[in-house]
Amino acid sequence: MRHRIFNEDGDEELVFVMGWGNRWTHENVSWLIGTLTEADYRVHAFELPTNIDDFKADWLEPIAEYVVEFDEPYQLLGHSAGALVGQALDGAENHVYLSPWWGYGADYPELLLEAASKLPTTLPCLPAGEMGREALGELATDHQIATTPDWVSPAFVRETRRAQDDLLTIDHDAVVFCSLRDPVVSLRPIGERVPAEHVVLYDGGHELFSSASRDRHVETLLAALEDGADAVEDDEDEADEEEPVPA
């Protein structure tokens, strides 16, 4: 697992667990990290290995062992598979999840996943599915798409499904950003675990930071990292107050 710190002189610790296939060299990931550092966070960014045969050993434990060294609570931002890891981490003050991969999307039939997970190999031999602009977002670049892996292993499928089945109770003030058009993740686990008033919908694909609507949500994202679900509820209260009364 690769790890890098951005903005060493930042005032507050923020752990950013990126999604499967994300790299900090991707232009849109870099945009998001830059947004966080401009808000004076010291960003601890983690790139997840794209092929695993043990969820805890390969994804969870390296980050869990890292964050336990913090003297004070940190802010947690997890995208997609990073949110699958993030929900099992301790010590965060506020939890913000972007398109959390707490379940496979409808493009990945359950029977097919079950059969694939039983194949006894760690070789990436299964197609990962469509990861172009329609799936990720309009701003996804050629470089990003070209460097996203095309294959996963049966062991990867088995371990990620097991982790999804073993989801912990999501923190009571966690905030989720997601799109109703996301083909990668299932929205059902989000609805089952996170109150509707803590969910922020955006227009786009799987990646908020690759969405053309991203600028409209930056302020809300930063507020959620700072104040948790209170920031989202305050926004909704203000919107209700501004709603015109029908004649």
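Residues numbered from 1 in each chain as written. Predicted model: local features only at pLDDT ≥ 70, side-chain atom pairs only at ≥ 80, totals over all residues. Heavy atoms only, no water.

A.B. asks: In this structure, what is going on with the packing of helix α1 (residues 27–38) against helix α9 (residues 218–227)? I would like to understand it.
C.D. replies: Angle between the axes and distance between the axes are the two parameters that describe a pair of packed helices. The N-to-C vectors of α1 and α9 enclose an angle of 55°; their axes lie 11 Å apart at closest approach. When the interaxial angle is binned, α1 and α9 end up oblique. Our pair here, α1 against α9, has a crossing hand that is right-handed. For the pair α1 and α9, contact is made by W31, L32, T35 and L36 and by V218, L221, L222 and L225, respectively. In terms of residue class, the contact of α1 with α9 is built from seven nonpolar, one polar and no charged. (Axes fitted to C-alpha atoms, helices over the stretch in contact; angles between N-to-C directions. Helix = DSSP H or I, 4+ residues; strand = E, 2+ residues; numbered from the N terminus. Parallel < 35°, antiparallel > 145°, perpendicular 65-115°, else oblique. Left-handed = near helix turned anticlockwise from the far one by under 90°. Contact = heavy atoms within 4.5 Å. Nonpolar A, V, L, I, M, F, W, Y, C, P; charged D, E, K, R; others polar.)

A.B. asks: Would you take a moment to explain the pattern of salt bridges for this structure?
C.D. replies: Where charged atoms from two side chains of opposite charge come close, those side chains can pair. The final tally for this structure, using the stated rule, is eleven salt bridges. Salt-bridge contacts for R42 lead to E13; the nearest nitrogen and oxygen are separated by 2.5 Å. With R42 in strand β3 (residues 41–47) and E13 in strand β2 (residues 12–17), this pair connects stretches of sequence that are 29 residues apart. Assessed through its relative accessible area of 21%, E13 is described here as partly exposed. Ionic pairing is found between D142 and R133, a salt bridge with its closest N-O pair at 2.4 Å. (Salt bridge = Lys/Arg side-chain N within 4 Å of Asp/Glu carboxyl O. Buried < 20%, exposed > 50% of the residue type's maximum accessible area, 1.4 Å probe, protein only.)

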